[in-house]
Amino acid sequence: MSTVDVAVVEKPKAETSRAWTAGRVIGICVLALYVLIAYFLLRMIVVNYDPEFVGKYLPRMVGGLWITVQLCTTAIILGALIAFPMSLARTHHNPVIRGLSFGYVYFFRGTPLLAQAFLVYYGAGQFRPVLQDMGLWGFFRDAYNCALFTFTLNTAAYQAEILRGAISNVHKGQWEGAHALGLGKVVTYIKIILPQAFITALRPFGNEIIFLIKGSAVASIITVFDLMGETKLAYSRSYDFQVYLWAAIMYLAMVEALRRCWDKLEARLTRHLKRTED
Amino acid sequence: MEELIGLLAWGKEGWGDELATGAWLTIRLAVATLPFGLFLGFMLALARRSDEPELVAAANVFVTVFRGLPELLTILIIYIGLDLLINEVVQLVSTERWELSKFVSGMVALGIVNASFSSEVILGALKAIPAGQVEAARSMGMSRFYTWLFVVLPQLIRHALPGLGNLWLLLLKETALISVIALDDLLRQTNIVVGATKEPFFFYSITCLIYLFFALASSVVLGGAERWANRGQER
């Protein structure tokens, strides 16, 4: 045992003195600044700690977090259902269908999500008699449904574009090869083209989910009490800045967790494409 | 329909001029934010590919935080937090309160977000330039500065332009969020107009069309810029 210990101790240190380059100094300074900011923020939370305050607002914010998760999950799933036919329509041989789907995608990708939400939420109010006749007023009266409606249409446009790009990225030889083997168009599409397109679409699709989670904060402006809505409510009642910090931590945790899971998922699904040694 | 078109008139009885001032502020905000965001993004990209682990860590923390936060939250945190911070410091020397301009805090918030994303794009573009390019230029006796200016930068622009163009379109849309801190941009002006006219559907549609027009005009300019950057490439 002792010989091993000696060996470890006598091992020369690889880097005893690293040069103090400008980059290193700046890096350390910035890191020190982060520590300073973190210290002040933590102190703010600790000094202002009030069990009553935390007990009052934290559960509400966790409830808001749950609304955000619900809103995003539903919008992503419903959006995917619209996105698939939409991506087919984007490459349809009929110019009318192609033009309409292009207009839809261009509109939702080219305008701010907030403006779209206003258009749906306040615009629906203007058409109340019409919507009542159609029996849809019950749906559009609720801000949550308006947000869900907007987010679904918005993410459908982005997803359609991702899917269209991924499908057109699949090599033409794949179609030809399948045709030469006597496979029909539908079978080729489902069994050969789509699986390869999904792999290409995986990363942009993950980014789109993250964008929607971040974008869903605008629901708070049309009076949905999602995480952001609850945070703003708590701030307007208490004028305590720390509620924004809690919200920031919750959003960051959500986005980072998703991003890491997605990286793992992607590594798993593309493991057959990786070379073992480079 | 004629009545609605009449509402868009200029001057006292119409609302066209109100929308135009809002649109002008949106453009000013986006154009003012862009250089700030690009410069910071460029610095972040350089920091992230440096050899010093401290610098890399510092830049990565920054990018991770501001890429993950909702833009709306970033705007509120900067607007409220920066104001708190500045007044904390100001109160050490004077008793007066220092008012932070809404335009500047909006610019800082959007610029920080834009920088985090553009650092990714620039980092990718720098990686796309083969190391041999720099080595060849250096071995021909070009100075580091000349190598950078005449060999790296033109290729960097070519690789980064599509990504940065997308970020510009994103920035244009994100300026709409600035209306929450009561800066009179296009969307907030529309809210005011809607409050007065009770015609939400018409005016929000017009606003969306204005944003679409901005996006369209930008794509035309960006397309031209990309053709210019790619002029030496073989088709």
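About the thresholds
Per chain, the residues get numbers from 1 upward, laid out in the order the sequence is written. Just so you know, chain letters begin at A and ligand numbers begin at 1, following the order they were written in. The model is predicted, so local features are restricted to residues of pLDDT at least 70 and side-chain atom pairs to those at 80 or more, both for listing and for counting; the totals for chains, interfaces and linings are taken over all residues. Only hydrogens and water are set aside; all other atoms, that is, all heavy atoms of the structure, feed into the side-chain values. A pair is scored as a salt bridge if a Lys or Arg side-chain nitrogen falls within 4 Å of a carboxyl oxygen belonging to Asp or Glu. The way it works is that DSSP assigns letters per residue, a run of H or I at least four long becomes a helix, a run of E at least two long becomes a strand, and they are numbered from the N terminus. Burial classes: relative accessible area under 20% of the type maximum marks a residue as buried, over 50% as exposed, and values in between as partly exposed (1.4 Å probe, protein chains only). Domain start and stop positions are those given by an automatic or database domain assignment. Whether two residues are in contact is decided by their heavy atoms, any of which lying within 4.5 Å being enough. Computed with a 1.4 Å rolling probe, the buried area is the accessible surface lost when two parts are put together, summed over both parts. Note on residue classes: Ala, Val, Leu, Ile, Met, Phe, Trp, Tyr, Cys and Pro are nonpolar, Asp, Glu, Lys and Arg are charged, and everything else, Gly too, is polar. As used here, the term nonpolar core means buried Ala, Val, Leu, Ile, Met, Phe, Trp, Tyr and Cys residues forming a set that is joined through side-chain atoms within 4.5 Å. To obtain an axis, a line is fitted to C-alpha atoms, over the contacting stretch when the element is a helix, and the angle between two such axes runs from 0 to 180 degrees between their N-to-C directions. Any angle that falls under 35 degrees is termed roughly parallel, while one over 145 is termed roughly antiparallel, one within 65 to 115 roughly perpendicular, and all others oblique. To estimate the expected span of a helix, subtract one from its residue number and multiply by 1.5 Å. Two helices crossing with the near one rotated counterclockwise from the far one by less than a right angle form a left-handed crossing, whereas a clockwise rotation gives a right-handed crossing. Two rings from Phe, Tyr or Trp (for Trp, the six-membered ring) form a pair when their centres are within 6.5 Å of each other. A pair whose planes differ by under 30 degrees is stacked, one over 60 is edge-to-face, and the rest are tilted. Criterion for a charge above a ring: Arg CZ or Lys NZ at most 6 Å from the ring centre, at most 35 degrees from the ring normal. Here a patch means residues that are over 30% exposed by relative accessible area and free of salt bridges, tied together within 9 Å if like-charged and within 5 Å if nonpolar (Val, Leu, Ile, Met, Phe, Trp, Tyr). Computed by Shrake-Rupley with a 1.4 Å probe, the accessible areas treat only the displayed protein chains as cover when residues are assessed.

1. Let's talk about the pattern of salt bridges
Note that side chains of opposite charge can pair when their charged atoms are close.
Line of reasoning, step 1. Summed over the entire model, instances satisfying the criterion amount to 13 salt bridges over all chains.
Line of reasoning, step 2. A salt bridge links A:Glu161 to A:Arg164; the nearest nitrogen and oxygen atoms lie 3.0 Å apart. Of the two residues, A:Glu161 and A:Arg164 both sit in helix H8 (residues 143-169), 3 residues apart, roughly one turn of that helix.
Line of reasoning, step 3. Under the relative-accessibility criterion, A:Glu161 is labelled buried at 14%.
Line of reasoning, step 4. A relative accessible area of 26% means that A:Arg164 is categorised as partly exposed.
Line of reasoning, step 5. Notably, a salt bridge pairs B:Glu71 with A:Lys214, separated by 3.3 Å at the nearest N-O pair.

2. Remarks on the domain arrangement of chain A
All names here are of chain A.
Line of reasoning, step 1. As assigned here, chain A comprises domain 1 (18-47) and domain 2 (49-269).
Line of reasoning, step 2. A separation of 36 Å is found between the C-alpha centroids of domain 1 and domain 2.
Line of reasoning, step 3. Taken together, the contact between domain 1 and domain 2 spans 5 residues of the former and 5 residues of the latter.
Line of reasoning, step 4. The three residues of domain 1 that bury the most area against domain 2 are Leu41, Met44 and Ile45, which together make up 85% of that side's buried surface.
Line of reasoning, step 5. For the pair domain 1 and domain 2, the interface holds 0 salt bridges.
Line of reasoning, step 6. The residue makeup of the side of domain 1 that touches domain 2, split by class, is 5 nonpolar, no polar and no charged.

3. Some words on the nonpolar core
Line of reasoning, step 1. In this structure, A:Phe151, A:Met228, A:Tyr244, A:Tyr251, B:Leu73 and B:Leu187 are the most contacted members of the largest nonpolar core, which totals 98 residues.
Line of reasoning, step 2. Sorting elements by how many residues they give to this core places helix H12 (residues 242-269) of chain A first, with 11 residues.
Line of reasoning, step 3. Once residues lying within four places of it in the same chain are set aside, the contact partners of A:Tyr244 are A:Met228, A:Thr231, A:Lys232, A:Tyr235, B:Leu73, B:Leu76, B:Ile77 and B:Ile80.
Line of reasoning, step 4. Within the second largest apolar cluster, 14 residues are counted, among which are B:Val113, B:Phe117, B:Ala125 and B:Val152.

4. Concerning the packing of helix H7 (residues 144-174) of chain B against helix H9 (residues 200-229) of chain B
Residues and elements named next belong to chain B.
Line of reasoning, step 1. It is the contact of H7 with H9, at a shortest axis distance of 10 Å, that shows an interaxial angle of 175°. By the angle between their axes, H7 is roughly antiparallel relative to H9. For the pair formed by H7 and H9, the contact residues are Ile157, Arg158, Leu161, Pro162, Gly165, Trp168, Leu169 and Leu172 on the first element and Tyr211, Phe214, Ala215, Ser218, Leu222, Ala225, Glu226, Trp228 and Ala229 on the second.
Line of reasoning, step 2. Classifying every residue of the contact of H7 with H9 by side-chain character gives 13 nonpolar, 2 polar and 2 charged.

5. Notes on the interface of chain B and chain A
Line of reasoning, step 1. On the side of chain A, 43 residues touch chain B, which itself brings 44 residues to the contact.
Line of reasoning, step 2. Summing the contributions of chain B and of chain A, the shared interface buries around 3700 Å²; its carbon and sulfur component is 76%.
Line of reasoning, step 3. At the junction of chain B and chain A, the tally comes to 2 salt bridges.
Line of reasoning, step 4. Every element with two or more residues in the side of chain B that touches chain A is listed here: helix H3 (53-68), helix H4 (71-93), H7, helix H8 (186-197) and H9 of chain B.

6. Comments concerning H3(B)
Line of reasoning, step 1. Here H3(B) is 16 residues long and its end C-alpha atoms lie 22 Å apart, about the 22 Å a rise of 1.5 Å per residue gives.
Line of reasoning, step 2. Of the residues making up H3(B), those classed as buried are B:Glu54, B:Leu55, B:Val56, B:Ala58, B:Ala59, B:Phe62, B:Val63, B:Phe66, B:Arg67 and B:Gly68.

7. Topic: the packing of H8(B) against H9(B)
All names here are of chain B.
Line of reasoning, step 1. The contact between H8 and H9 brings their axes to 9 Å, and the two run at 160°. Between H8 and H9, the crossing angle belongs to the class labelled roughly antiparallel. Both H8 and H9 take part in a crossing whose hand is right-handed. On H9, the residues that touch Leu186, Leu187, Thr190, Asn191, Val193, Val194 and Thr197 of H8 are Pro200, Phe203, Tyr204, Thr207, Ile210 and Tyr211.

8. Focus: the packing of aromatic side chains
Line of reasoning, step 1. Across all of its chains, the model carries 25 aromatic pairs over all chains by this definition.
Line of reasoning, step 2. Relative to A:Phe108, the ring of A:Phe107 has its centre 5.2 Å away and its plane inclined at 90°; by these criteria the two rings are edge-to-face.
Line of reasoning, step 3. A relative accessible area of 21% places A:Phe107 in the partly exposed class.
Line of reasoning, step 4. Its relative accessible area of 11% is what places A:Phe108 among the buried residues.
Line of reasoning, step 5. Summarising the aromatic geometry, the rings of A:Tyr235 and A:Tyr239 are spaced 5.5 Å apart at their centres and angled 65° between planes, so their arrangement reads as edge-to-face.
Line of reasoning, step 6. Relative accessible area serves as the criterion here: at 16%, A:Tyr235 is assigned to the buried category.
Line of reasoning, step 7. When its relative accessible area of 63% is taken as the criterion, A:Tyr239 is described as exposed.
Line of reasoning, step 8. Within the aromatic cluster, the residues linked to one another by ring pairs are A:Phe118, A:Tyr121, A:Tyr122 and B:Tyr204.
Line of reasoning, step 9. In this arrangement the basic side chain of A:Arg24 is found over the ring face of A:Trp20, its NZ or CZ atom lying 4.2 Å from the centre.

9. A word on a nonpolar patch on the surface
Line of reasoning, step 1. Taken together, the side chains of A:Leu33, A:Leu36, A:Ile37, A:Tyr39 and A:Phe40 present a nonpolar region at the surface, about 490 Å² in accessible area.
Line of reasoning, step 2. Along the polypeptide, A:Leu33 turns up in helix H2 (residues 22-47).

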